[in-house]
Amino acid sequence: MVVQALAFYIFAAVATASGVMVISSRNPVHSVLFLILSFFNVAGLFILMGAEFLAMLLVVVYVGAVAVLFLFVVMMLDINFVELREGFLQYLPIGSLVGIVLFIELLLVGGSWVLSDSITKISWPMLDKEMTNTHALGYILYTDYIYLFQTAGLILLVAMIGAIVLTHRRRSGVYRQRVSIQVNRRREDTIEIVKFSKKVDE
């Protein structure tokens, strides 16, 4: 228990500190690196809770895809962050007001949060004690919530097809590669052999 408590405090402290550094760093590259560090520490907290599936999901999806994508976008694009910060003081009062309102709402929600008496009466499926977290999650997901899971998959499929259709629609002024025309073109249509002679003055 001592080792687990010590690991919890270390992970929580580093995650909190890296989260503060994400919003306080002036360099956006440093902010993304602190964000990756925060994700790793939160994944460690998930492992301590016994939710190894969520930990690996956080590392693979967010660290491996989202955060790295942010890092490449920030490093490869020439973004002028000085111009982005020019209107910071102008919108500071409105932003501070919105932040204070959200903070008060979070305090009200956290202060009034209590466990309902009906929670203890929920009948969970009888799972084997030796069953892993991933196995238990898959068991519940594909039995009790199979229709909702399939509906979410269909919605994502429709969204993916819609994104592809919108990307490949024909627009005027946009040049696209036409492979069939390139493959079927003839040599005579692309190459012109010109013979010329040069006169040399004697």
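Residues numbered from 1 in each chain as written. Predicted model: local features only at pLDDT ≥ 70, side-chain atom pairs only at ≥ 80, totals over all residues. Heavy atoms only, no water.

1. Description of the overall build of the chain
Secondary structure summary: the chain contains 9 helices and 0 strands in total. Counting from the amino terminus, helix and strand elements in the chain follow one another as α-α-α-α-α-α-α-α-α. A burial count over the chain gives 11% of its 202 residues as buried. Nonlocal contacts in the chain, meaning residues at least 24 apart in sequence, comprise 46% of its contacts between residues at least 6 apart. For the chain, the accessible surface area stands at approximately 18,000 Å², while carbon and sulfur atoms represent 68% of it. (Helix = DSSP H or I, 4+ residues; strand = E, 2+ residues; numbered from the N terminus. Buried < 20%, exposed > 50% of the residue type's maximum accessible area, 1.4 Å probe, protein only. Contact = heavy atoms within 4.5 Å. Areas by Shrake-Rupley, 256 points an atom, 1.4 Å probe, with all protein chains shown as cover.)

2. Notes on a positive patch on the surface
A contiguous patch of positive charge on the surface is contributed by Arg169, Arg170, Arg176 and Arg178. Topologically, Arg170 is positioned in the loop between α7 (146-167) and α8 (179-184). What makes Arg170 exposed here is its relative accessible area of 76%. (Patch = residues over 30% accessible without salt bridge, like charges linked within 9 Å, V, L, I, M, F, W, Y side chains within 5 Å. Salt bridge = Lys/Arg side-chain N within 4 Å of Asp/Glu carboxyl O. Lys, Arg positive; Asp, Glu negative; His and termini not counted. Charge placed at Lys NZ, Arg CZ, Asp CG, Glu CD.)

3. Focus: the side chain of Ser31
The residue Ser31 is located in helix α2 (residues 28-48) in this model. Looking at Ser31, the relative accessible area reads 11%, which means it is buried. Those residues in contact with Ser31 that lie beyond four places of it in its chain are Met21, Val22 and Ser25.

4. Here we look at the nonpolar core
In globular proteins that are soluble, nonpolar side chains generally tend to be buried together. Counting 9 residues, the largest nonpolar core is built from Val32, Ile36, Phe39, Ala43, Ala55, Leu58, Val63, Ala67 and Leu71. Listed by contribution, the elements that provide at least two residues to this core are α2 and α3 (52-76). Among the elements that make up this core, the one with the highest residue count is α3 (5 residues). Those residues in contact with Ile36, other than ones at most four positions away along the chain, are Val63 and Ala67. (Core = buried A, V, L, I, M, F, W, Y, C linked by side-chain atoms within 4.5 Å.)

5. With respect to the side chain of Ser18
Mapped onto the elements of the fold, Ser18 is located in helix α1 (residues 2-24). Apart from residues lying up to four places away in sequence, Ser18 is in contact with Phe34, Leu37 and Ser38.

6. Notes on the packing of α1 against α2
The description of two helices packed together rests on the angle between their axes and the distance between the axes. Axis separation between α1 and α2 bottoms out at 8 Å; the angle between their running directions is 155°. Between α1 and α2, the angle falls in the class roughly antiparallel. Our pair here, α1 against α2, has a crossing hand that is left-handed. Across the interface between the two elements, Gln4, Ala7, Phe8, Phe11, Ala12, Val14, Ala15, Ser18, Gly19, Met21 and Val22 from α1 touch Ser31, Phe34, Leu35, Leu37, Ser38, Asn41, Val42, Gly44, Leu45 and Leu48 from α2. Split by residue class, the contact of α1 with α2 holds 14 nonpolar, 7 polar and no charged. (Axes fitted to C-alpha atoms, helices over the stretch in contact; angles between N-to-C directions. Parallel < 35°, antiparallel > 145°, perpendicular 65-115°, else oblique. Left-handed = near helix turned anticlockwise from the far one by under 90°. Nonpolar A, V, L, I, M, F, W, Y, C, P; charged D, E, K, R; others polar.)

7. Here we look at a nonpolar patch on the surface
Together, Phe53, Leu54, Met56, Leu57, Val60, Val61, Tyr62, Val66, Leu69, Phe70, Val73 and Leu137 make up an exposed nonpolar region whose accessible area comes to about 990 Å². The element best represented in the nonpolar patch is α3, accounting for 11 residues.

8. Quick word on the packing of aromatic side chains
Across all of its chains, the model carries 3 aromatic pairs by this definition. A ring pair is formed by Tyr142 and Phe149, whose centres lie 5.0 Å apart and whose planes are at 65°; its orientation type is edge-to-face. Given a relative accessible area of 48%, Tyr142 falls into the partly exposed group. (Phe/Tyr/Trp six-rings, centres within 6.5 Å; stacked < 30°, edge-to-face > 60°.)

9. Points about the environment of Phe40
By secondary structure assignment, the location of Phe40 is in helix α2. Those residues in contact with Phe40 that lie beyond four places of it in its chain are Val59 and Val63.

10. Some points on the confidence of the model for the chain
When pLDDT is averaged along the chain, the result is 78, and 80% of the positions lie at 70 or above. Helix α4 (residues 81-84) is the least confidently modelled element of the chain, averaging 63 in pLDDT, while α7 averages 91, the highest of any element. (pLDDT = per-residue confidence, 0-100.)

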